[in-house]
Amino acid sequence: MGLLDILLGRTKPVVPDLDRLFGLPSAAVTLEAAAGLRPTGSGAVCFATVEGAAFEQTHREVQALLDADSDREGRPVRLARDDYGYSWLVSERSPDQLPELVNDLHAVNSAMEVNGFGPQLLCSLVGFEIEGAERDGQGRRLALVYLYKRGTFYPFAPLPGTAQRRDNPLELRVKAVLTNDLQIEQDLSRWFPVWGAPRQ
């Protein structure tokens, strides 16, 4: 950054660092020990919906690549669209296959970048749940969201029920717990709710 940029208050945009996704498995160990949160086995990449033959070809290539994994358990990779007009490429693994899930998300992001769709990438997320949530009927879940254009993570914890409410105390607790594991987004105004995300 030059002197003129500093004087005019301009900043260089953050270069996405997809390798930060590989910090998620160690962060998961910390989350389980400190907050009783375990991976659900689900993850997704969100991007602005793109139409056209080039994108369809990229989507087919990514889906074929990920579905070719012989160790995959659960449903095949799928494309979903939410009520807000965004697209999600969803990968599901068994809960103990978080490293493989992270590889899936990295591959999707990389393929989108290589094929010229980097500007459409918005975020990636991995789902977690509180141990015992299924037994107590609360369905308490949390997603760790990676902001593609910021290179940072933040927690998103929707409360159970139909109302769009968040568990802010849990989100702040997770922020504190993961400070040494992930590059946490410090600007809380950028902790966008991802209400349209496929259930994690």
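Structure: see above.
A brief report on the enclosed structure follows. (Residues numbered from 1 in each chain as written. Predicted model: local features only at pLDDT ≥ 70, side-chain atom pairs only at ≥ 80, totals over all residues. Heavy atoms only, no water.)

## A look at the overall build of the protein chain
Helix and strand counts for the protein chain come out as six helices and six strands. Across the protein chain, contacts joining residues at least 24 apart in sequence account for 66% of those joining residues at least 6 apart. For the protein chain, the exposed surface amounts to about 10,200 Å²; the carbon and sulfur share of it is 53%. (Helix = DSSP H or I, 4+ residues; strand = E, 2+ residues; numbered from the N terminus. Contact = heavy atoms within 4.5 Å. Areas by Shrake-Rupley, 256 points an atom, 1.4 Å probe, with all protein chains shown as cover.)

## As for the pattern of salt bridges
With the rule as written, the count across this model stands at nine salt bridges. Glu 129 is paired through a salt bridge with Arg 141; the nearest N and O atoms lie 3.5 Å apart. Taken together, the residues span a long stretch of sequence, with Glu 129 in strand E4 (residues 121–130) and Arg 141 in strand E5 (residues 141–147) at a distance of 12 residues. By relative accessible area, Arg 141 is classed as buried at 17%. Of the charged contacts, one joins Arg 166 and Glu 171 as a salt bridge, the two residues approaching to 3.0 Å between their closest N and O atoms. Relative accessible area serves as the criterion here: at 1%, Glu 171 is assigned to the buried category. (Salt bridge = Lys/Arg side-chain N within 4 Å of Asp/Glu carboxyl O. Buried < 20%, exposed > 50% of the residue type's maximum accessible area, 1.4 Å probe, protein only.)

## Here we look at the packing of aromatic side chains
Within the structure shown, the criterion is met by three aromatic pairs. Between Tyr 154 and Trp 191 the ring centres are 6.1 Å apart and the planes differ by 15 degrees, which places this aromatic pair in the stacked class. One end of the pair, Tyr 154, is in strand E6 (residues 152–156); the other, Trp 191, is in the segment after helix H6 (168–177), with 37 residues separating them in the sequence. Taking relative accessible area as the criterion, Tyr 154 reaches 1% and is therefore assigned buried. Pairing Phe 156 with Trp 195 gives two aromatic rings, centres 5.1 Å apart and planes at 75 degrees, and the pair type is edge-to-face. With a gap of 39 residues between them, Phe 156 in strand E6 and Trp 195 in the segment after H6 connect regions that are remote in the sequence. (Phe/Tyr/Trp six-rings, centres within 6.5 Å; stacked < 30°, edge-to-face > 60°.)

## Details of the nonpolar core
Counting 52 residues, the largest nonpolar core has Trp 88, Leu 144 and Val 194 as its most contacted members. With seven residues, the single largest contributor to this core is helix H4 (residues 98–114). Discounting chain neighbours no more than four positions away, the residues touching Leu 144 are Leu 24, Leu 31, Ser 124, Leu 125, Val 126, Phe 128, Tyr 154, Pro 155, Val 174, Leu 178 and Leu 182. (Core = buried A, V, L, I, M, F, W, Y, C linked by side-chain atoms within 4.5 Å.)

## Quick look at the side chain of Ser 91
Structurally, Ser 91 can be placed in strand E3 (residues 86–92). Here Ser 91 falls in the buried class, since its relative accessible area comes to 3%. A polar contact of 2.6 Å, which involves the side chain of Ser 91, links it to the side chain of Asp 104. (Polar contact = N/O pair within 3.5 Å; in protein donor to acceptor, adjacent residues only side chain to side chain.)

## What about a nonpolar patch on the surface?
A cluster of nonpolar side chains, Tyr 84, Tyr 86 and Leu 122, forms an exposed patch at the surface whose accessible area comes to about 280 Å². Here Tyr 86 shows up in strand E3. Taking relative accessible area as the criterion, Tyr 86 reaches 36% and is therefore assigned partly exposed. (Patch = residues over 30% accessible without salt bridge, like charges linked within 9 Å, V, L, I, M, F, W, Y side chains within 5 Å.)

These figures come from the coordinates and say nothing about function on their own.
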